[in-house]
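Per-entry structural report
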Amino acid sequence: MRKLKRFFSFVYKEFCHILRDVKTLIVLLFMPVILIMLFGMALSTEIKNVKVAIYDPSMDIATQRIVRQLDASTYFTITRMIVNQAEINDIFLDGTAEIVMVFQENFYNRVLHDGDASIQVIADGSNTNVATMGVFYLSSIISSFQQEMAREMVMNAADPEQAAAMAGDVINITSRMLYNPQMQSSFNFVPGVMGMILMLICAMMTSISIVREKQRGTMEVLLVSPVNPMSVILAKTIPYFVLSSLNLVTILVLSVHLLGVPIAGSLLELFVVSLIFILVSLSLGIFISNVVDTQEVAILISSLVLMLPTMMLSGMLFPIESMPLPLQWASWFVPAKWYVEAVKLIMIQGVSAAMCWKHFTILCAFLVAHVTLSISFFKDRL
């Protein structure tokens, strides 16, 4: 009885230790909720809400029916009707559409009389999954429309047998992949891997920097030195910034020469946006280091808590447009999302920095916010 009482006293003591460590308790209790939400709602190979622009010079009955079927589908969202084919390239560059569907002139007459109507589907090949599945879904919808047209022709024809013979595959679908004609998967995952590596490595390195000083008892030396919190944060960040820049060079060299991903845009602009993202990640790690008390919790937060949103909500693995609206809104607060999109634009599509102004601005806002929070939570007294 005494041994059992002693055993339960140890169990009670352990519960007290856990309950006193509020930060660890929050991680333990809320991590399953975050995991089930991310994996249950974001983990899906199905694509939805693919942005489609349409060039329809004839605007006839057949094209309007196809457009209405596209609009009714959950797989596509029609974002723009194009009036000039010269706009197509700009639409891809500014992110208005991921797929452009181009109808042939006099489409309905060609379907009825000539039997050689054509539709060209142009897709952004930098995202191989969305491009491949999007073209497949589009082809299915057009095939369904073609079967409906065949049934109508047979029912309304004076000679049903002759109409059935004529109602074959009268619509020809051709597809073209921009920016990645060979459909190499590395074009899709390399920008995402770059964002994940830089976020995890940079945040993990700096997240233990200040908390390590607390655990070793050397924080007193820093606090009595004649330096302000900003100087301490800069001193902690600069060495890791240099090392992270070397990591960036290594990643780019391997991406180009080993994985065969070209840098279509400006190398300088790619370096600038990458260095801004490195600073964002380092400052986020400093903030984590300021609010936790042990290195173990810092590593847990910087690795697990940051890794999952970076993988799931940055567009690295799954299209953000296919996720529920709450997760789409949550992705706006994931710095890696904006970095991955900027890398795809500069590295794969070859656009200029002027087209990425929104991504640069948001990353700079993240940097200012992280630095401000780090200074605010820096404890100048033990």
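Let me sum up the structure you'll find in this document. These numbers were taken from a predicted model, which means no experiment stands behind them.

1. What about the overall build of the chain?
In terms of regular secondary structure, the chain is built from 16 helices and five strands. Within the chain, contacts between residues separated by at least 24 positions form 78% of all contacts whose residues are at least 6 apart in sequence. For the chain, the accessible area works out to roughly 19,500 Å², and carbon and sulfur atoms hold 66% of it.

2. Concerning the sheet that holds strand S1 (residues 50–55)
Reading across from one edge, S2-S1-S3-S4-S5 is the order of the five strands in this open sheet, with mixed pairing throughout. Looking at strand neighbours, the two that pair on one side only are strand S2 (76–82) and strand S5 (171–178), the edges of this open sheet. Across the sheet, the mean angle separating the axes of adjacent strands is 25 degrees when strand polarity is ignored. Where S1 lies against strand S3 (residues 99–103), four bridges are found, and the strand directions are parallel. Of the residues in S3, the one forming a bridge with Val52 is Ile99.

3. Structural notes on the pairing of S3
Among the five residues of S3, five are classified as buried, and the element is accordingly described as predominantly covered. The alternating pattern of S3 places Ile99, Met101 and Phe103 and Val100 and Val102 on opposite faces, both of which are buried. In terms of strand pairing, S3 meets strand S4 (residues 117–124) through five bridges, oriented antiparallel. Residue pairing in the sheet places Val100 in a bridge with Ile122 of S4.

Conventions and cut-offs
Residues numbered from 1 in each chain as written. Predicted model: local features only at pLDDT ≥ 70, side-chain atom pairs only at ≥ 80, totals over all residues. Heavy atoms only, no water. Helix = DSSP H or I, 4+ residues; strand = E, 2+ residues; numbered from the N terminus. Contact = heavy atoms within 4.5 Å. Areas by Shrake-Rupley, 256 points an atom, 1.4 Å probe, with all protein chains shown as cover. Pairing = 2+ DSSP bridges. Axes fitted to C-alpha atoms, helices over the stretch in contact; angles between N-to-C directions. Buried < 20%, exposed > 50% of the residue type's maximum accessible area, 1.4 Å probe, protein only.

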